[in-house]
Amino acid sequence: DIIPTTKYLIDSRNIQPVILAAPSQTKGNGWSSQNDANGVCNPELWDLSSFNPNTFINDVKSNLPNNVQISSVSFVGHSGAGCNVADGLYWALNSVNDIYALGRFDTCFGKVFADQIIEGINEKNPNTKVLSVYGVMDPDSQNDDKLVFSGNNQFNTYVMATPNHEKAVSLGMAEFL
């Protein structure tokens, strides 16, 4: 769903060409406990021995043609990528300096998640822009999440909404790019 959205935006000249590089995992499916090794939100899926965001960025850079440069690095996550403050988007935010933008598309919401993002931004990424697409996950916590961000004007926060969990990715990416 990211590739067709990006291709459409480039073909219609709404954005400049971009480099999309994404780690992927095939271990685990569906929602399960953070203590379950097969859970999509389990930190062991993305521990430093198997995935390091800085190493990944350097690998991408080393595989680019000589005339192609990376001007900024951003991270996006959907669903479980934002449901464990020990990994996913939070790990990237706390591991990589100078992140241009962070997109969270129908991830878990609430004060604990929003506070973690603000802490990561304040410590390593003071100029990071944040795009939050609220969908069907954690509807009771979305207002708490929005309150944390609306009370912090140190960075740009953009909020969108969709009633469809899967469409949160294409809606978020189209706006993000």
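Please refer to the structure higher up on the page.
Residues numbered from 1 in each chain as written. Predicted model: local features only at pLDDT ≥ 70, side-chain atom pairs only at ≥ 80, totals over all residues. Heavy atoms only, no water.

### Looking at the overall build of the protein
In terms of helices and strands, the protein carries six helices and four strands. Listing every helix and strand of the protein by position from the N terminus yields α-α-β-α-β-α-β-α-β-α. Split into buried and exposed, the 177 residues of the protein put 40% on the buried side. Accessible area for the protein stands at about 10000 Å²; split by element, carbon and sulfur atoms hold 49% of it. (Helix = DSSP H or I, 4+ residues; strand = E, 2+ residues; numbered from the N terminus. Buried < 20%, exposed > 50% of the residue type's maximum accessible area, 1.4 Å probe, protein only. Areas by Shrake-Rupley, 256 points an atom, 1.4 Å probe, with all protein chains shown as cover.)

### Regarding the environment of asparagine 97
In this structure, asparagine 97 sits in the loop between α3 (88–95) and β2 (99–105). It is 9.4 Å that separates the C-alpha atoms of asparagine 97 and proline 126, two residues lying 29 residues apart in sequence. For asparagine 97, the residues in contact, after removing those within four places along its chain, are Lys124 and Asn125. Looking at asparagine 97, its side chain comes within polar contact range of the side chain of lysine 124, at 3.3 Å. (Contact = heavy atoms within 4.5 Å. Polar contact = N/O pair within 3.5 Å; in protein donor to acceptor, adjacent residues only side chain to side chain.)

### Some thoughts on the pairing of β2
Each regular strand shows side chains that alternate between the opposite faces of the sheet. Within β2, six of the seven residues are buried, leaving the element largely enclosed by the surrounding structure. With six bridges connecting them, strand β1 (residues 73–78) and β2 associate as parallel partners. Bridged to valine 73 within β2 is isoleucine 99. In the classification by handedness, the crossover that spans β1, the intervening α3 and the parallel β2 is right-handed. Of the pairings in the sheet, the one linking β2 to strand β3 (residues 129–134) comprises five bridges and is parallel in character. (Pairing = 2+ DSSP bridges. Right-handed = clockwise from strand over helix to strand, strands pointing away.)

### Digging into the nonpolar core
Residues Phe75, Leu93, Leu102 and Ile117 are the most contacted members of the largest nonpolar core, which totals 17 residues. When contributions to this core are tallied by element, the ones reaching two or more residues are β1, α3, β2 and α4 (111–124). With six residues, the next largest nonpolar core counts Phe105, Val133, Ala168 and Met173 among its residues. (Core = buried A, V, L, I, M, F, W, Y, C linked by side-chain atoms within 4.5 Å.)

### Side note on the side chain of serine 132
Inspection of the secondary structure assignment puts serine 132 in strand β3. Within the local environment of serine 132, its side chain forms a polar contact with the side chain of arginine 104, the two groups lying 3.0 Å apart.

### Quick notes on α4
Its 14 residues place the ends of α4 20 Å apart at the C-alpha level, agreeing with the 20 Å of an ideal helix rising 1.5 Å per residue. For α4, every residue scored as buried is listed here: Phe113, Ala114, Gln116, Ile117, Ile118, Gly120 and Ile121. (Expected span 1.5 Å × (residues − 1).)

### Topic: helix α2 (residues 53–62)
Burial in α2 covers these residues: Pro53, Ile57 and Val60. Angular distribution of buried residues about the axis of α2 spans 60°; they occupy a single face of the element. Where α2 is buried, its residues contact β1 and α3. (Arc of directions from axis to C-beta.)

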